[in-house]
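An overview of the molecular structure
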Amino acid sequence: MIRVTLPDGSAREVARGTTPADIAAAIGPGLAKAAIAARVDGELRDIMRPIESDANLALVTTRDEADALELARHDFAHVLAEAVQSLFAGTQITFGPSTDDGFYYDFAPPAGRGPFVDDELPLIEAEMRRIIAADQPLVREVWSRADLITKWQADGESFKAEWAAELPENEELTVYRSGDWMDMCRGPHLASTGKLDPAAFKLMRVSGAYWRGDQKNAQLTRIYGTGWLNKKQLDAHLMRLEEAAKRDHRRIGQDMDLFHLQAEAHGSVFWHPNGFVIYRALEAYMRRRLDAAGYLEVKTPQIMDARQWEQSGHWGKYRENMFVIPDEVPNTEDEGPVISDKAEWMALKPMNCPAHVLIFRQGIKSYRDLPLRLAEMGCCHRNEPHGALHGLMRVRQFTQDDAHIFCREDQIVDEVAKFCDLLDVIYKDLGFADYAIKLALRPEKRFGTDEMWDWSEQSMRDAVAATGRNTPEWGWEELPGEGAFYAPKLEFHLTDAIGRTWQVGTIQTDTVLPERLDAAYIGEDGAKHRPIMLHRAILGSYERFIGILIEHYAGRFPVWLAPVQAVVATIVSDADAYGEQVTAKLKAAGIRVTSDFRNEKINYKVREHSLAKVPHLLVVGMREAEEGKVAIRSLGSDGQRIMTLDEAIAMLVGEATPPDLKDATI
RNA sequence: GCUGCUGUAGCUCAGUGGUAGAGCGCGUCAUUGGUAAUGACGAGGUCGGGAGUUCAAUCCUCCCCAGCAGCACCA
């Protein structure tokens, strides 16, 4: 007999080999029906898996949503794999986990045919529903490694055989059977396919993926699905996707005439007047914040000699992402190559840091000059892989809100703390209340000694600890292998209005670049010392950050950022003269205002400017003209407020004031 | 860069082996209307680029380019 302790503290003596399902049945028929899995000593397990020794047991039901979803999605992945193999003989299975909103499975399609395509998804879905309807038990079996490898080889499953051979020695190899079909899997699973809701999943798309995530390996076909516990959840998820699509910055950018992209300059942004208003408002705001925080703004060359990039290390570690250009007058004759093979190379800057070190190196620096904070709205070019480009979010030419802080070791903690405070204020001003802090540790491809990395990683930990932000409430975690090649990165991840996260801010402790470019200052002791260099950005890039802002606000910007802050619309043409006056006064007050005196009905004007997301519509007819008033209709509210022109101007000026200028105490 | 899908008017999209269509937008005219679409008429397209098959290609084939989704990449 073994002793099983339940969550309420009660214990039961049961025979060894009793399953959680048996225990659920013994407790009551309701629970037996609801239970879908079990946590045995905290580990999620199959409900039919026998308990072999004394244990704490908690039965898992569909009310334990996180566990239930995880199980269901994992099962959907298996059902998908079974469906594909039953429809397409000769397909090899590989690997198929659950994801944040569903599941996927990677397949090697049968020899002689191409990848699966979107059009085949409905067929596969139908087969999945058949398997679910068949309510096949999912049975766990433990296999010996040798038997399993033999079995996979016999079945022509070379990927599975390879995987089985490489699993760790001490790992128990398990398979799950669903009828005649089986997959190697750690589990756990639901008791049978019939536990899945056939209306709670949808296959979304196919794509390529590499075996074991490595570009050098075979390319597989990945089929993605979204899976839930019931149709209601699925529908809600599909609705959320639609919501996100409506916020897409590319869509809104076009609708609001903010920017465009085109093939002739792919990866670079054409900012239209409306979009550039946002850009300039943001830039002006950032300049004021940086000035106040003791940064000195600089501007550095766009093109530098390859020798400089060799010295900084970018030529060796980063060249594949650089735009390299010849330092030679192009041949203007019709004959011969435009550029000879003797040309020396230059490159567009992919980063601002080396240039900032070069400024630091001009003249002799004293410890009294530190910390020296050099900021640049640095326009960088990176030769990104074509498949990576995405709207404003991933471009090849972008402007960083970059700065480098040159300081002594003993100033790091203070500087990181000041940076965190500045960033906190800026994110809140821009409408982001939530963000998480993470520390990205040394990557495989890197500069510097292990001792330097030990030191700089620890200095970051210490600095964050000093600000009290290294806690779960701040989303604190360490990310091994994710750092930059020259330094560990402290990362700041924003949460937007619909719960997505974006890594934007970063600060990095770098000892490598000052060394390579020989930056030094004279210390109190009269000797030369290396400064520490802190690379830091708050927005990341203006392009991407504005993309994030567009999606966060769904185009409904706060008034201080809105391209057009107000429109004066007349009801009848007799009010145009008054409308002109209103417009002129608003302009004089610094409001970005346009007027709409077109020969259209007021309904039409209201609709058009509302769809254009103009924050305030000032409607004037003869009544307003006679009384010196305006009727204000604000975005997001149906009603109108009648107020005097002076009241309206005071209100608009208040809303149009950037947040840093509102509070005179900062 | 890899896999799949897509590319037709400013935008959203329909369509056909015999050189194209809708709605919105745009222009003109009429209408002066009080808070989410007034009506009529009109202009507007080398059907992403190149090559091939064909009597004939926007449509079929091949190559290229770009966009989208995912993968890889994200210093």
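Above: the structure in question.
Let me begin by describing the structure that accompanies this report. (Residues numbered from 1 in each chain as written. Chains lettered and ligands numbered in written order. Predicted model: local features only at pLDDT ≥ 70, side-chain atom pairs only at ≥ 80, totals over all residues. Heavy atoms only, no water.)

**With respect to the protein's contact with RNA strand B**
How we decide: We call a residue near a molecule or strand as soon as one heavy atom of that residue lies within 4 Å of the molecule or strand. Identification of polar contacts relies on pairs of N or O atoms within 3.5 Å, with a donor-acceptor requirement for protein atoms, meaning one able to donate a hydrogen and the other able to accept it, and with residues adjacent in sequence counted only if both atoms are side-chain atoms. Numbering of helices and strands runs from the N terminus; a helix is a DSSP stretch of H or I covering at least four residues, while a strand is a stretch of E covering at least two.
Close contacts around RNA strand B come from 52 residues, with Gln-219, Tyr-318, Arg-382, Ile-571 and Asn-599 the closest. Between RNA strand B and Gly-208, the relevant distance is 3.2 Å, taken from a sugar or linking oxygen to a main-chain nitrogen or oxygen of the residue. In the model, a base oxygen of RNA strand B is placed 3.3 Å from a nitrogen or oxygen of the Met-622 main chain. At the level of secondary structure, the elements contributing two or more residues to the surface near RNA strand B comprise β11 (201–210), β12 (219–227), α8 (249–255), β21 (397–407), α18 (602–611), α19 (622–627) and β32 (629–634). Sorting elements by how many residues they give to the surface near RNA strand B places α18 first, with seven residues.

**Some thoughts on the packing of aromatic side chains**
Put simply, the test is: Working definition: a ring pair exists when centres of Phe, Tyr or Trp rings (six-membered ring for Trp) sit within 6.5 Å. Plane angles under 30 degrees give stacked, over 60 give edge-to-face, the rest tilted. The buried label applies to any residue whose accessible area, calculated with a 1.4 Å probe on protein chains only, is under 20% of its type's maximum; exposed applies above 50%, and partly exposed to all values in between. In this scheme, Lys NZ or Arg CZ marks a charge over a ring once it lies within 6 Å of the ring centre and within 35 degrees of the ring normal.
Tallied over the entire structure, the rule returns 21 aromatic pairs. Ring centres 5.4 Å apart and planes at 50 degrees place the aromatic pair Tyr-285 and Trp-560 in the tilted group. Of this pair, Tyr-285 sits in helix α9 (residues 273–292) while Trp-560 sits in the loop between α16 (542–553) and β29 (566–570), and the two are 275 residues apart along the sequence. A single burial state applies to Tyr-285 and to Trp-560, both of which are buried. A connected cluster of aromatic rings, assembled from ring pairs, spans Phe-259, Trp-271, Phe-276, Tyr-279 and Tyr-542. For Arg-469, the ring lying beneath its charged end belongs to Trp-474, and the centroid distance is 4.9 Å.

**Quick notes on the sheet that holds β29**
Where we set the bar: At least two DSSP bridges between two strands are needed for those strands to be called paired. Lines fitted to C-alpha atoms define the axes, with helix axes restricted to the stretch in contact, and inter-axis angles between N-to-C directions lie between 0 and 180 degrees. Any pair of residues with heavy atoms lying within 4.5 Å of one another is described as a contacting pair.
Pairing within the open sheet is mixed, and its five strands lie in the order β30-β29-β31-β32-β33. Looking along the sheet, the strands with just one partner apiece sit at the ends: β30 (593–596) and β33 (641–644). Each strand of the sheet is rotated relative to its neighbour by a mean of 30 degrees, with strand direction disregarded. Sheet analysis places β29 next to β30, joined by four bridges and oriented parallel. Each bridged residue has a counterpart across the sheet, and for Val-567 the counterpart in β30 is Thr-594. Along the sheet face, helix α17 (residues 576–588) touches β29, β30, β31 (616–620) and β32 and points at about 170 degrees away from the line of β29. Contacting β29, β31, β32 and β33, helix α20 (residues 645–656) runs over the sheet at an angle of about 105 degrees to β33.

**Some remarks on helix α1 (residues 20–27)**
Under the convention used in this document: Regarding the arc, it is the one traced by the directions from the helix axis to the C-beta atoms.
Those residues of α1 not exposed but buried are Pro-20, Ile-23 and Ala-24. The arc enclosing the buried residues of α1, seen along the axis, measures out at 100 degrees, which places them on a common side. The inward-facing, buried residues of α1 contact β1 (2–5), β2 (11–14), α2 (29–34), β3 (35–40), β4 (43–46) and β5 (55–61).

**Here we look at the sheet that holds β12**
The four strands are arranged β6-β7-β12-β11 in an open sheet whose pairing can be described as antiparallel. At either end of the open sheet lies a strand with only one pairing partner, and these are β6 (92–95) and β11. The sheet shows a mean angle of 30 degrees between the axes of neighbouring strands, direction not considered. Across nine bridges, the pairing between β11 and β12 is antiparallel. Pairing of Lys-202 across the sheet is with Thr-226, part of β12.

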